[in-house]
Amino acid sequence: MAQRDELSIFVRDALTAGKSRPEIAAALAHAGWRSAEVQDALNGWDEMPFSPPVPRPVATVSARDFFTYALTFCVLILGAFNLVVVLQALVDLVFATGDGDSDRPIRWGVAVLIVTAPLYLWLTLRERQKLARDPAHYRSAIRKWMIYIGLLLAALTLLGDAIATIYALLTGDLTLQFIVKALVVLVVAGGIFGFYVRDLREEAPA
Amino acid sequence: MNKLLLICMCLLVGGAIVGGLMVIGGPKQARLAREDKQRISDLRILRSHLMCIGHPRKPLPQTLTDDAYCPSTRHSLYDILASGDPASGAPYVYRRFSDTAFEVCTTLALNSQKARKAAFDQGNIALPADDTLCFIGERAVSIE
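In this text the structure is predicted, and so the values were computed from the model without any measurement.

This part is about the overall build of chain A. Secondary structure summary: chain A contains seven helices and zero strands in total. Counted from the first residue to the last, chain A has its helices and strands arranged as α-α-α-α-α-α-α. A compact globule built from 206 residues should have a C-alpha radius of gyration of about 17 Å, whereas chain A, at 25 Å, is more than 25% larger. When the backbone C-alpha atoms are referred to their principal axes, chain A occupies close to 80 × 40 × 25 Å. Expressed as a percentage of its 206 residues, the buried residues of chain A come to 36%. Pairs at least 24 apart in sequence give 71% of the contacts found in chain A among residues at least 6 apart.

Right under this line is the structure:
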């Protein structure tokens, strides 16, 4: 559905009255609308000459989408955090610096992963099937927001990882153990970042 | 490519779960580790009682059940003396070498060297055998 704000209604009425797009843009610019707002309003209607003007599909927002994508990303963040915890604890054990209490984070992390990993996989594969069946779901605004929030968190994690590595280098603490642990963060956060960036690139144009 | 990335992440998660389970062992291993932790905690309390730091000095007691020895820390022993070893219920071994030197010992279910390494007070711990852990103490003061 097209947005029923005043600008959109004006554009629709102008197109119905037979005005050309440059004429409408000039009128709106004269009235003080910014060019991006004008372009957005014009893009809301298909360029094929038809009366009445045909609205283009716009991003959708639904409570169901919010539930699905919020759950997916909460599960992803929880699982990714605990995956890093488990892998780093295992690295500590390999380098024989793990204390006797390293069992506890591993036990908790494994418990979280056993629950979150299959759930995330199921939610993601289910979403892929839904998108393949009906590409209109690509227009979900919630989906886009959640993906960008996930990308932001992954990017911030990668930044923090890079800063910590450089700080360790400058303070002389850059051991092989530290490098491996930083690599664990890089692989997990980088994997999530790469997965969703490709996801955005591969999706059908909205 | 995205599918490949997803498969790689699944393998990483699967590896972390398998590796984690191999390190921590099963539920039985966890229960044994918890019991060992309790044993070490009990021994630490017993040693603290026997050292009786900051109180009028007396010779070490002949048995742990001596109520007259260090009454200020006695209350912390009641549960330990009543329940003993968390698995068998047997009392902890107390050896009195002199009026000032002693050790309290237990038999651990798991690796005693690992347990000693994990302890914050390793200097008070001796490992007379592979499965035995003792807290040792020496009251380097004159006796009343």
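Past the structure itself, the notes keep going.
Residue and element names in this part refer to chain A. Following the UniProt record, the feature "transmembrane region" (unreviewed entry) maps to residues 66-91, 106-125, 145-170 and 176-197 here. Split by type, residues 106-125 is 100% helix and 0% strand. Its first and last C-alpha atoms lie 27 Å apart. Taken end to end, residues 176-197 comprises 100% helix and 0% strand; its first and last C-alpha atoms sit 30 Å apart.

Time to look at the pattern of salt bridges. Across all of its chains, the model carries 14 salt bridges over all chains by this definition. Across the pair Asp13 of chain A and Arg12 of chain A runs a salt bridge, and its minimum N-O distance is 3.3 Å. Between Asp121 of chain B and Arg44 of chain B there is a salt bridge, and its shortest N-O distance comes to 2.7 Å. With a gap of 77 residues between them, Asp121 of chain B in the loop between helix 5 (112-118) and strand 3 (125-129) and Arg44 of chain B in helix 2 (residues 27-51) connect regions that are remote in the sequence.

Taken together, the contact between chain A and chain B spans 29 residues of the former and 20 residues of the latter. Of the roughly 2,000 Å² buried between chain A and chain B, counting both surfaces, carbon and sulfur atoms make up 76%. Inspection of the chain A/chain B interface yields zero salt bridges. The interface formed by chain A and chain B holds two residue pairs in polar contact (both at pLDDT 80 or more) in total. Elements with a minimum of two residues in the side of chain A that touches chain B: helix 4 (63-94), helix 5 (103-133) and helix 7 (176-202) of chain A. By residue number, the principal contributor to the side of chain A that touches chain B is helix 5 of chain A, which donates twelve residues.

What follows deals with the packing of aromatic side chains. Residues and elements named next belong to chain A. Applying the stated rule across the entire model yields two aromatic pairs over all chains. Relative to Tyr196, the ring of Phe73 has its centre 5.1 Å away and its plane inclined at 40°; by these criteria the two rings are tilted. Of this pair, Phe73 sits in helix 4 while Tyr196 is found in helix 7, placing the two residues 123 residues apart along the sequence. Taken as a pair, Phe73 and Tyr196 share a single burial class, namely buried.

All names here are of chain B. Here we have four strands laid out as an open sheet, ordered 1-2-4-3, and antiparallel in their pairing. A strand with exactly one partner marks an edge of an open sheet, and here the two such strands are strand 1 (93-96) and strand 3. Strand after strand, the sheet turns through a mean of 25° between neighbouring axes, direction not considered. Where strand 1 and strand 2 (residues 101-107) come together, four bridges link them in antiparallel fashion. Paired with Val93 across the bridge in strand 2 is Cys105. Sitting on the sheet, helix 2 touches strand 1, strand 2 and strand 4 (132-138), and the angle it makes with strand 2 is about 165°.

With that settled, consider a nonpolar patch on the surface. All names here are of chain A. Nonpolar side chains collect at one region of the surface, where Ile77, Trp145, Ile149, Leu152, Leu153, Leu156, Leu159 and Ile163 lie side by side and expose about 820 Å² of accessible area between them. Considering each element in turn, the nonpolar patch owes the most residues, seven residues, to helix 6 (residues 141-170). Relative to the elements of secondary structure, Ile149 occurs in helix 6. By relative accessible area, Ile149 is classed as partly exposed at 38%.

Before going further, it helps to spend a moment on the pairing of strand 4 of chain B. Residue and element names in this part refer to chain B. Of all seven residues making up strand 4, five are buried, and the element is well covered by its neighbours. Pairing analysis gives seven bridges linking strand 2 to strand 4, with the strands arranged antiparallel. Note that in strand 4 the partner of Thr106 across the bridge is Leu133.

Reading the values: the criteria
Residues numbered from 1 in each chain as written. Chains lettered and ligands numbered in written order. Predicted model: local features only at pLDDT ≥ 70, side-chain atom pairs only at ≥ 80, totals over all residues. Heavy atoms only, no water. Helix = DSSP H or I, 4+ residues; strand = E, 2+ residues; numbered from the N terminus. Rg over C-alpha atoms; globule rule 2.2 N^0.38 Å. Buried < 20%, exposed > 50% of the residue type's maximum accessible area, 1.4 Å probe, protein only. Contact = heavy atoms within 4.5 Å. UniProt positions renumbered as here; feature names shortened; annotations may be inferred. Salt bridge = Lys/Arg side-chain N within 4 Å of Asp/Glu carboxyl O. Buried area = accessible area lost by both parts, 1.4 Å probe. Polar contact = N/O pair within 3.5 Å; in protein donor to acceptor, adjacent residues only side chain to side chain. Phe/Tyr/Trp six-rings, centres within 6.5 Å; stacked < 30°, edge-to-face > 60°. Pairing = 2+ DSSP bridges. Axes fitted to C-alpha atoms, helices over the stretch in contact; angles between N-to-C directions. Patch = residues over 30% accessible without salt bridge, like charges linked within 9 Å, V, L, I, M, F, W, Y side chains within 5 Å. Areas by Shrake-Rupley, 256 points an atom, 1.4 Å probe, with all protein chains shown as cover.

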